[in-house]
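Structural overview for review
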Amino acid sequence: MKPIENMTREELIEAYVKREKELCEKIESKYKNEQVLVSEKKLLSEENNKLNKKVDALKCEVIERRQELVEKNEYIKLLENARYSSQRNSIPEFNNGPTLFSLIDDEEMTPELKELKEDEAEMKAEEITYIRKKPNRKECHLNYDHLKQEVINVPAPEGFDICDICGSSMELKKYNERKELVYTPASLVVRIYRTPVYECKKCQSDNADGKSTYKSVSGVKPLISGSLASASLVAHIMDMKYLKGLPLHAQQEAFLEHELILPKQNMVNWLSKAAEMLKPLYGLMKKDLLAMDVIHCDETPTKTLNEKDSKNAYMWVMRSNKYEVPIVIYHYAPSRGKKVITELIGSYSGYIVSDAYGVYESLENVTNAFCHIHAFRYIREALEVLPKGSDKNKTVEYKSYRYYQKVFEINKKIEKEAIKKYEKDDDKIFEYIKNQREKRLKPVYVKFLEYIKTESDKIEVQVKPTYMKAVKYIINHEDEFMEVFNYGKLPLGNNIAEQIIRPFAVNKHRCRFYVSSKGADGAAVIYSMMLSAQENKLAGYMYMNYVLEKLPNINADNEEELRKLLPYNKELPKYLKKLNKSEIKKLLKETAPKN
């Protein structure tokens, strides 16, 4: 390039344009590079965001998988405990474990809690230090002199009365005796009812057509018309199937030992017709139950072959409170929905004690009181699944368990005091329980709620899933759990409903399904009658035999006569009562011959 001094005007312009063009090209190239960089940066940023999202998702998945693993491990441990451990609601023995009141600061201690703390200290001071001798638990035989006795004299062999030493004849001095209980199997007989039929010979001779006049005595009405079934036989089949859990096919085999061929289908038909006869009594029992202000409810699954969705079939149970006459009502339904319980209770407007199943919460005009024992079990399960070797008595699970256990201890003491103080005056018993729960029990339970709420805020669900499930269960139904403080008649638990449905739950493992809904309905009626009789301390077989003998002679619309057959009727014959061991001993002592 020439020096500027030597360039002409045209050359200078050309050089200047060329220079400007080069600069523009450089600027344009730089701008394009910057755009490429920006687009690449944007793409990289988008890819980075996608990768971050994937990482976050994977982290969440890892947390979820870890939580599932913890939950499954805890569930496996619960299954092992359920199989091999005791099911009693007893607190594990942990060395140097804190007491209930060591969990509460002195500043937070209310006057009621201070009083309870002093009571606990007094109980510890009065602890028995000597070792008690274990009682002899061997069952002793009773005196069976009241039973029929059969004496068998064992004959001596010929020549046995000759003395081995001197050879002279010996005299009988005494008998050595031993006793044994002899069992005579049940026997079957055919009972023939013969009713006289009278014929008038005069009418026969007077009538041109030779027809006679007949007159017969009205005989004993059969249980089932045209059938060989008697009240005693059907009552025996009911007792064996529903109370003792022996399926009909096993009973069929048992009858063969008595040289009786009794087809299973015959027994099914007899039970079905007997259940129809019992329905008026069942209806009266249900009516009496729904007239009470507190009822207990529970349900358990069952199977019925002719239902479209047999997996959702359920047997429901309602029963009376422990302070009322025992009434048990079973009800079969093809589902567990709200419609079932709504139709079952009708316009009932009292208290229902149950678990926290959502159907009960949705009921109108009723007051729900949920079972504290269910919540207590969940807390106990959280304690049981803690890892081995951990210092359990310092854990939140143990402290929560200890709190809740104290609630049950105080309530048990209050109820005992009420019954001892007022005996049979129910109104005063309920009033005392309500007042004492408000004074002594509620402060402890409120502190328990405050404690689990505070601690649950510090815990991640995935770390302690079983414990957090228990806490959520209690907090979400706080109002229903607090209902026991409003009425002294309400219990803390729903155990009596669970216990009364247990016979069905056990039997369904032997009798795995019902063929039809009609059979399940009939079973519900028979279970209701027999378990109500058992709860009223009646012998199942004796009561059903008595009822089935009376029913054929009673009009189904005659409520007055039907009420005489209800299991809680005080005028039932005394021989229907099932005596316990102490009552049998007392009876034997009274009837024993005096020296």
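Anything mentioned here points back to the structure above.
Summarised in this report is the structure supplied together with it. Source: prediction; values computed, not measured.

1. Section: a negative patch on the surface
On the surface, D425, D426, D427 and E431 cluster together to form a negatively charged patch. Positionally, E431 belongs in helix 11 (residues 426-456).

2. Examining the packing of helix 4 (residues 231-243) against helix 16 (residues 540-550)
Relative placement of two packed helices is described by the angle separating their axes and the distance separating the axes. At their nearest, the axes of helix 4 and helix 16 sit 8 Å apart, and the two run at 140 degrees to each other. The angle between the axes of helix 4 and helix 16 places the two elements in the oblique class. Here helix 4 and helix 16 pass one another in a crossing that is right-handed. Across the interface between the two elements, A231, S232, V234, A235, H236, M238, D239 and L243 of helix 4 pack against G540, Y541, M544, N545, L548 and E549 of helix 16. Its residues assigned to classes, the contact of helix 4 with helix 16 comprises 8 nonpolar, 4 polar and 2 charged.

3. Focus: the environment of V353
Within the secondary structure layout, V353 lies in strand 6 (residues 351-354). The exposure class assigned to V353 is buried, which follows from its relative accessible area of 1%. The spatial distance from the C-alpha of V353 to the C-alpha of C297 is 6.3 Å, given a sequence separation of 56 residues. Excluding residues within four positions of it along the chain, V353 makes contact with V294, I295, H296, C297, A369, L490, P491, G493 and N494.

4. Quick look at the pairing of strand 5 (residues 328-333)
In terms of residue burial, strand 5 counts as a mostly covered element, since 5 of its 6 residues are buried. Relative to strand 5, strand 4 (residues 314-320) runs antiparallel, the two sharing 6 bridges. Of the residues in strand 5, the one forming a bridge with Y314 is A333.

5. Remarks on the sheet that holds strand 7 (residues 367-370)
On the basis of which strands lie adjacent, the open sheet formed by 5 strands has the order 5-4-3-6-7 and mixed pairing. Strand pairing shows two members of the sheet lacking a second neighbour, strand 5 and strand 7, which therefore form its edges. The sheet shows a mean angle of 25 degrees between the axes of neighbouring strands, taken without regard to direction. By the bridge criterion, 4 bridges tie strand 6 to strand 7 in an arrangement that is parallel. Its bridge partner lying in strand 7, I352 is registered against N368. Contacting strand 4 and strand 5, helix 15 (residues 517-535) crosses the sheet at an angle of about 165 degrees to strand 5.

6. Some points on the nonpolar core
One recurring pattern in soluble globular proteins: nonpolar side chains tend to sit buried together. One finds M238, L278 and Y330 to be the most contacted residues of the largest nonpolar core, which totals 77 residues. The element that contributes the greatest number of residues to this core is helix 6 (residues 264-290), accounting for 11 residues. Apart from residues no more than four positions distant in its own chain, M238 is found in contact with L243, L271, A274, L278, I526, M530, M544 and L548. Counting 47 residues, the second largest nonpolar core, distinct from the first, contains V353, Y404, I452 and M482.

7. With respect to the packing of helix 15 against helix 16
Look at helix 15 against helix 16: their axes get within 9 Å of each other, and the N-to-C directions meet at 125 degrees. Between helix 15 and helix 16, the angle is such that the two are oblique. Helix 15 and helix 16 meet at a crossing whose hand is right-handed. Contact residues: M529, M530 and A533 in helix 15; G540, Y541, Y543 and M544 in helix 16. A class-by-class count of the residues in the contact of helix 15 with helix 16 yields 6 nonpolar, 1 polar and no charged.

8. Topic: helix 9 (residues 372-384)
In this model, helix 9 (13 residues) spans 18 Å end to end at C-alpha, consistent with the 18 Å of a helix rising 1.5 Å per residue. Inspection of helix 9 places H372, I373, H374, A375, F376, I379, R380, A382 and L383 among the buried residues, and these make up the whole buried set. Among the structural elements, strand 7, helix 10 (396-422), helix 11, helix 12 (465-476), helix 13 (478-482) and helix 14 (495-507) are those in contact with the buried residues of helix 9.

9. Quick word on a nonpolar patch on the surface
Together, I13, Y16 and V17 make up a nonpolar patch on the protein surface, roughly 310 Å² of accessible area in all. For V17, the location among the structural elements is in helix 1 (residues 9-84).

10. Regarding the pairing of strand 3 (residues 294-301)
The buried fraction of strand 3 amounts to 7 of the 8 residues, a majority that puts the element mostly inside the structure. Pairing of strand 3 with strand 6, which is carried by 3 bridges, proceeds in the parallel orientation. Across the sheet, residue H296 finds its bridge partner in strand 6, namely V353. Where strand 3 lies against strand 4, 7 bridges are found, and the strand directions are antiparallel. Along strand 4, the bridge assignment pairs I295 with S320.

11. With respect to unusual backbone geometry
Phi is positive for E259, close to 60 degrees, though the residue is something other than glycine. In this structure, E259 sits in the loop between helix 5 (248-256) and helix 6. Residue E259 is classed as exposed on the basis of its relative accessible area, which comes to 78%. Notably, K537 is not glycine yet its phi reads approximately 60 degrees, a positive angle. Topologically, K537 is positioned in the loop between helix 15 and helix 16.

Quick notes on the rules
- Numbering of residues starts from 1 in each chain and follows the order in which that chain's sequence is written.
- Reporting of local features is limited, given that this is a predicted model, to residues whose pLDDT is at least 70; pairs of side-chain atoms are given and counted only at 80 or more, and all residues count toward the totals for whole chains, interfaces and linings.
- To obtain the side-chain values, all non-hydrogen atoms of the structure were used and water was disregarded.
- In this analysis, a patch consists of residues with relative accessible area above 30% that form no salt bridge, clustered at 9 Å for like charges and at 5 Å for the nonpolar side chains Val, Leu, Ile, Met, Phe, Trp and Tyr.
- Working definition of accessibility: Shrake-Rupley area with a 1.4 Å probe, residue cover restricted to the visible protein chains.
- We count a salt bridge whenever a side-chain nitrogen from Lys or Arg sits within 4 Å of a carboxyl oxygen from Asp or Glu.
- Lys and Arg are tallied as positive, Asp and Glu as negative. Neither His nor the chain termini are counted.
- The atom standing in for a charge is NZ when the residue is Lys, CZ when it is Arg, CG when it is Asp and CD when it is Glu.
- In DSSP terms, a helix is any run of H or I states spanning at least four residues, a strand is any run of E spanning at least two, and both are numbered starting from the N terminus.
- Here an axis means a line fitted to C-alpha atoms, over the contact stretch when the element is a helix, while the angle between two N-to-C directions is reported on a 0 to 180 degree scale.
- Roughly parallel here means an angle under 35 degrees, roughly antiparallel means over 145, roughly perpendicular means 65 to 115, and every remaining angle is called oblique.
- Crossings are classed by handedness, with left-handed meaning an anticlockwise turn of the near helix from the far one by less than a right angle and right-handed meaning a clockwise turn.
- Working rule for contacts: check all heavy atoms of both residues, and any pair within 4.5 Å makes them a contact.
- Under the scheme applied here, ten amino acids are nonpolar (Ala, Val, Leu, Ile, Met, Phe, Trp, Tyr, Cys and Pro), four are charged (Asp, Glu, Lys and Arg), and all others, including Gly, are polar.
- We call a residue buried when its accessible area falls under 20% of the maximum for its residue type, exposed when it is over 50%, and partly exposed in between, using a 1.4 Å probe and counting protein chains only.
- Whether two strands pair depends on DSSP finding at least two bridges between them.
- What we call a nonpolar core is a set of buried Ala, Val, Leu, Ile, Met, Phe, Trp, Tyr and Cys residues that are connected through their side-chain atoms within 4.5 Å.
- Here the expected length of a helix is defined as 1.5 Å per residue gap, with one fewer gap than residues.

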